[in-house]
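# Coordinate analysis (summary)
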Amino acid sequence: QVQLVESGGGLVQPGGSLKLSCVGSGFIFSNYEMRWYRQAPGEEREFLAAIEGTGGKVMYVDSVKGRFSISRDNAKNTVYLQMNNLKPEDTAVYSCNADYFGVRRYWGQGTQVTVSS
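About the criteria used
Residues numbered from 1 in each chain as written. Predicted model: local features only at pLDDT ≥ 70, side-chain atom pairs only at ≥ 80, totals over all residues. Heavy atoms only, no water. Salt bridge = Lys/Arg side-chain N within 4 Å of Asp/Glu carboxyl O. Helix = DSSP H or I, 4+ residues; strand = E, 2+ residues; numbered from the N terminus. Buried < 20%, exposed > 50% of the residue type's maximum accessible area, 1.4 Å probe, protein only. Pairing = 2+ DSSP bridges.

### Side note on the pattern of salt bridges
Pairing between side chains becomes possible if they bear opposite charge and their charged atoms approach one another. Scanning the entire structure with this criterion turns up seven salt bridges. Note that R35 is salt-bridged to D99, the shortest N-O span being 3.8 Å. Placement of the pair is R35 in strand β4 (residues 33-39) and D99 in strand β9 (residues 92-100), with a sequence separation of 64 residues. In terms of burial, R35 and D99 fall into one category: buried.

So this is what it looks like as structure tokens:
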């Protein structure tokens, strides 16, 4: 059974940091590109960052470049999203996604991040 389980969300003040984790199981984690998305209430899901299976190539949406960092530990079947200098507009449900060349895709259930003073 394939599972992606996110954790690490919560309430943080503007300017603060959070590190999200997503643990995968039931598939060969290192074969999949891993991605982070977020969805704010009333808005469409937004792509944030991706990291290829080996971890050698990463990409980010412009709005988070320099603030967010994606990484992975294939030995732990885990992908991370380090988020710094958080802003209220970063408030959303953050989800991880595993993608195998667009042929197979799996989603986690999401973790809430709220940035507020």
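### Concerning the pairing of β4
Counting buried residues in β4 gives five out of seven residues, a clear majority hidden from the surface. Examined bridge by bridge, β4 and β9 share seven bridges and lie antiparallel to one another. Bridge pairing in β9 places Y37 opposite S95. In the sheet, β4 pairs with strand β5 (residues 46-51) via five bridges, with the strands oriented antiparallel. Paired with R35 across the strands is A50, a residue of β5. Between β4 and β5, which pair antiparallel one after the other, the connecting turn spans six residues, and G42 there sits at a positive phi close to 75°.

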